[in-house]
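In case you want the letters, here they are:
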Amino acid sequence: MSMQDTASSGVALWRLVADGIERGIADGRFAAGDKLPGEMEIAETYRVNRHTVRRALAALAERGLVRAERGSGTYVEAQRLAYPLRSRTRFSEIVGAGGREPRGQLIEASEDVATRELARELGLKVGAPLVRIEAIRLADRTPICVSTTWLSAELFPNAGTVFAATRSMTKLLEHYGVRDYQRGATRITAGIVDATDAARLDLALGRPILVVDATDLDLDGKPLVTKHSRFAAERVEFLVENG
């Protein structure tokens, strides 16, 4: 397809390239998760320069249709993940139910102490020793959220090492004998991604995020973990369910 014949229409070349790629996504030529052809190949197909291709891909990325991975290429973004918020919320089950592979990666585990707020959430004394786990969660190759989780260091010694091995908070709790747990309260606020989380989530600076603060309890209502999670807003939609 040549852009030469359409350039005089007044429509910017990059927009015509973007529209062509979007049509390919819509008609199934490029499926969710597929890697798009390289910039040079796209430029040759549409007979434009690589700067025009980059602008087209940037526009598609801004709309959440594609995602660039540094050093790898540009991939078709999957549809937003439907993420139910219920009394029993499990990332791996939610992602798996959508036909995608859940993955967890430990960023860092460190020692911490309970602030007044964390002590209240976890039912501990101010200054109690904690384990802080920073992790990223993905659906297939797409980063969905970055989460900071705090647990009692006395109840869950070496929790960071266990998470590094299991890559799942559910499996971590199972390791310590917690077979089931439930969500307490969930608070959702809107935010703008900072530089650190932008790099982790493969988002442009200034993109919107959904910030979720929640505490999980055992079946007797005793706090187990409290979390501060930052979700890429364009990749998830929360569904509030009763029960």
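Conventions we followed
Residues numbered from 1 in each chain as written. Predicted model: local features only at pLDDT ≥ 70, side-chain atom pairs only at ≥ 80, totals over all residues. Heavy atoms only, no water. Salt bridge = Lys/Arg side-chain N within 4 Å of Asp/Glu carboxyl O. Helix = DSSP H or I, 4+ residues; strand = E, 2+ residues; numbered from the N terminus. Buried < 20%, exposed > 50% of the residue type's maximum accessible area, 1.4 Å probe, protein only. Domains from an automatic or database assignment. Contact = heavy atoms within 4.5 Å. Buried area = accessible area lost by both parts, 1.4 Å probe. Core = buried A, V, L, I, M, F, W, Y, C linked by side-chain atoms within 4.5 Å.

If you walk through the whole model with that rule in mind, you get 16 salt bridges. Linking Glu62 and Arg207 is a salt bridge whose minimum nitrogen-to-oxygen distance equals 3.1 Å. With Glu62 in helix H3 (residues 50–62) and Arg207 in the loop between helix H8 (195–201) and strand E8 (208–217), this residue pair connects regions lying 145 residues apart in the sequence. For Glu62, a relative accessible area of 43% puts it in the partly exposed group. Taking the shortest distance from any N to any O, the salt bridge between Glu134 and Arg200 comes out at 3.3 Å. Within this pair, whereas Glu134 is found in strand E5 (residues 129–139), its partner Arg200 is found in helix H8, the two being separated by 66 residues in sequence.

Moving on, we get to the domain arrangement of the protein chain. The domain architecture assigned to the protein chain consists of domain 1 (4–76) and domain 2 (81–239). The gap between the C-alpha centroids of domain 1 and domain 2 is 35 Å. In this complex, domain 1 contributes eight residues to the contact, which on the side of domain 2 involves nine residues. Where domain 1 abuts domain 2, roughly 700 Å² becomes buried across the two surfaces, and 34% of that area is made up of carbon and sulfur atoms. Looking at the side of domain 1 facing domain 2, the largest losses of area belong to Glu62, Arg67 and Arg70, adding up to 65% of the total buried there.

Okay, the nonpolar core next. Among the nonpolar cores identified, the biggest contains 17 residues, and Val17, Ile21, Leu36, Ile42 and Leu57 are the most heavily contacted of them. In terms of residues, this core owes the most to one element, H3, which gives five residues. Ranked by size, the runner-up nonpolar core spans 15 residues in total, among them Val131, Phe156, Ala159 and Val178.

The next point concerns the environment of Arg132. Residue placement: Arg132 occurs in strand E5. Exposure remark for Arg132: the relative accessible area of 31% places this residue in the partly exposed category. With 27 residues separating them along the chain, Arg132 and Ala159 place their C-alpha atoms 8.7 Å apart. Not counting the four nearest positions on each side in its chain, Arg132 is found in contact with Glu108, Ala109, Ser110, Asp112, Thr148, Thr149 and Trp150.

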